[in-house]
Amino acid sequence: SSSSSLSSPSSSPRTQMAATHNAAPATAVATAARRRRKMKKLVVVMGPTGSGKSKLSIDLATRFFPNSEIINSDKIQVYRGLDITTNKISMHDRRGVPHHFLGVFDPDIDFTPSDFRSLAPKTIAQIISRRNVPFVVGGSNSFIHSLLAKDFNPDIDVFEESGPVDSISSELRYECCFIWVDVSPPVLNQYLDDRVDDMLDSGMFEELSEYFAAEGFSGSSEPDSESVSRTGLRKAIGVPEFERYFKKHGGRCGESSEGDDVEERMSYEGAVKAIKDNTCKLAKRQVGKILRLRDAGWDLQRVDATEAFRAAMVTSKAGKRATEIWEKTVVEPSVKIVSRFLME
Ligand code: ATP
């Protein structure tokens, strides 16, 4: 089912129109349906960090919907730099699927939801003019909301928990198919902890070391800037957490365990723990925002990846079984949802 018109039937303009023009309600409904059909279609893959959105979108794009292009909606991955730390999908894993808004903006300047709202539609229009389908993929719900909501006010934080849900526009600028990749929180948290270790193994520490050296405070005694407001890429999880470490210890590798290196080791471990905690907190907040969009009437189709994650984490040898479960419980239902949507 489409989500282009999300308001309840009794309050929708379509119904009001039909009621006013009693003589030809069917015509009014048909006109509205025609207008809706003309709306541009896009697929949105949402979910918390680590839930497998990128993997799912590449599976869909390479095997089932070869005419798709991906628009990144992770607000940190839009910046150039820190590819490992921000977990950008690698060129290899993109498998030739075109990606937009990924690693392209100046890391020193904030790229805001309003910027995304004003720039992404042009890219979407170009994708559609190539007769391709835009897939919006990423965990930043403020970006998804700003892009899609018909009414958008940059001065209102629609995700403010105490604020009214009706500050979220239930009407959308596109005809959307939302896939929400869900993973049970304890399983996801375990996975996220392991992922931070994997990222460190893949060179996250070295990447941050170079980043801080370029920023000019490797091993320096600059005033503590942990409380200052950060712009652009400086907000990425990993930067604030490792700042104290690099200020004090410069680019040393964090692997030594002798004498006065004990303090360095503790500082390193503290930073890693903070990254794990903050990543889990980010995931929790993101799910809260997804639920809020759903409560506002956005027609999110949930696919549950928990079993696939469980299987993947038992042992690395469980790879084949995990892949089979991922196919059955995540890819297959998503293919059905997207196919139905595109054929409507
Ligand atoms: P929003 O809530 O605006 O939709 P979000 O869910 O991506 O965005 P926030 O809750 O604002 O994220 O982010 C919490 C912290 O996590 C911020 O410091 C943010 O910069 C950081 N963060 C978000 N995505 C990433 C990422 N891909 N890599 C590193 N840090 C990230």
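Predicted model, so just to flag it, every value in this text is computed and none were measured.

Reading the values: rules and limits
Residues numbered from 1 in each chain as written. Predicted model: local features only at pLDDT ≥ 70, side-chain atom pairs only at ≥ 80, totals over all residues. Heavy atoms only, no water. Helix = DSSP H or I, 4+ residues; strand = E, 2+ residues; numbered from the N terminus. Buried < 20%, exposed > 50% of the residue type's maximum accessible area, 1.4 Å probe, protein only. Contact = heavy atoms within 4.5 Å. Areas by Shrake-Rupley, 256 points an atom, 1.4 Å probe, with all protein chains shown as cover. Core = buried A, V, L, I, M, F, W, Y, C linked by side-chain atoms within 4.5 Å. Domains from an automatic or database assignment. Near = heavy atom within 4 Å. Polar contact = N/O pair within 3.5 Å; in protein donor to acceptor, adjacent residues only side chain to side chain. Salt bridge = Lys/Arg side-chain N within 4 Å of Asp/Glu carboxyl O. Pairing = 2+ DSSP bridges. pLDDT = per-residue confidence, 0-100. Axes fitted to C-alpha atoms, helices over the stretch in contact; angles between N-to-C directions.

This part is about the overall build of the protein. Tallying secondary structure elements over the protein gives 12 helices and six strands in all. For the protein, the proportion of its 344 residues judged to be buried stands at 45%. The long-range share in the protein, meaning contacts at least 24 apart out of those at least 6 apart in sequence, stands at 79%. A total of about 17300 Å² of accessible surface is found on the protein, and carbon and sulfur atoms cover 52% of it.

One finds Met46, Leu148, Phe178, Phe242 and Trp298 to be the most contacted residues of the largest nonpolar core, which totals 50 residues. Listed by contribution, the elements that provide at least two residues to this core are strand 1 (41–46), helix 5 (113–129), helix 6 (141–148), strand 5 (175–182), helix 7 (185–201), helix 8 (204–215), helix 9 (239–249) and helix 10 (261–295). The element contributing the most residues to this core is helix 10, with six residues. Residues from two domains meet in this core; each of domain 1 (9–25 + 39–185 + 287–343) and domain 2 (190–280) gives at least three. If you look at the next biggest cluster of nonpolar residues, it comprises 37 residues, including Phe135, Val181, Ala308 and Phe341.

Right, let's talk about the site of the ligand for a bit. As a matter of local geometry, the ligand sits amid 16 residues, with Lys75, Ser140, Asn141, Ser142 and Lys289 nearest to it. In this structure, an oxygen atom belonging to the ligand sits 2.5 Å away from a side-chain N or O atom of Lys75. Within the contact set of the ligand, an oxygen atom lies 2.3 Å away from a side-chain nitrogen or oxygen of Lys289. Out of a free accessible area of 600 Å², the ligand has 85% covered by protein chains. Where the shell around the ligand is concerned, the elements lending two or more residues are helix 6 and helix 10. Per element, the largest residue contribution to the shell around the ligand is four residues, and it comes from helix 10. Viewed by domain, the shell around the ligand spans two of them, domain 1 (9–25 + 39–185 + 287–343) and domain 2 (190–280), each represented by three or more residues.

This part covers the pattern of salt bridges. Enumeration according to the criterion identifies 20 salt bridges in this entry. Here Arg234 ties to Asp108 by a salt bridge, and the two come within 3.0 Å at their closest N and O atoms. Of this pair, Arg234 sits in the loop between helix 8 and helix 9 while Asp108 sits in the loop between strand 3 (99–100) and helix 5; the two residues are 126 residues apart in sequence, bridging distant segments of the chain. Arg234 gets classed as partly exposed once you look at its relative accessible area, which sits at 22%. The salt bridge involving Arg302 is made with Asp182; its shortest N-O contact spans 2.7 Å. Placement of Arg302 in strand 6 (residues 300–304) and of Asp182 in strand 5 is noted, with a sequence separation of 120 residues between them. Judged by its relative accessible area of 45%, Arg302 is partly exposed. Connected through salt bridges with shared partners, the residues Lys55, Asp59, Arg63 and Glu327 form a single ionic network.

As a further point, take the pairing of strand 2 (residues 68–72). Burial analysis of strand 2 places five of its five residues in the buried class, which makes it a mostly covered element. Burial along strand 2 is two-sided: the face carrying Ser68, Ile70 and Asn72 and the face carrying Glu69 and Ile71 are both buried. Pairing analysis gives five bridges linking strand 2 to strand 4 (residues 133–137), with the strands arranged parallel. What sits directly across from Ser68, in strand 4, is Val133. When strand 2 meets strand 3, the two strands line up parallel, connected through two bridges.

Mapping Leu188 onto the fold places it in helix 7. Among the residues examined, Leu188 registers a relative accessible area of 3% and is labelled buried. Taking C-alpha positions, Leu188 is 8.9 Å from Arg310, a pair spaced 122 residues apart along the chain. When residues no more than four places from it in sequence are discounted, the contact partners of Leu188 are Pro48, Thr49, Gly50, Ser51, Val183, Ala283 and Phe309.

Turning next to the side chain of Asn72. One can find Asn72 in strand 2. Owing to a relative accessible area of 3%, Asn72 belongs among the buried residues under this scheme. Setting aside residues up to four positions removed in sequence, Asn72 forms contacts with Gln77, Val78, His100, Phe101, Leu102, Phe116 and Val137.

Let's shift gears to the confidence of the model for the protein. This prediction gives the protein a mean pLDDT of 87; 82% of its residues lie at or above 70. Counting contacts from residues 1–24, a segment whose pLDDT is below 50, to residues more than four positions away or on other chains yields 34 contacts.

Strand order across the open sheet formed by six strands is 3-2-4-1-5-6, with parallel pairing between neighbours. Looking at the sheet topology across the chains shown, the edges are occupied by strand 3 and strand 6. Two strands pair when backbone bridges link them, and strand 1 and strand 5 are joined in this way by six bridges, in the parallel orientation. Directly across from Val43, in strand 5, lies its bridge partner Cys177. Running over the sheet, helix 10 touches strand 1, strand 5 and strand 6 and is turned about 140 degrees from strand 5.

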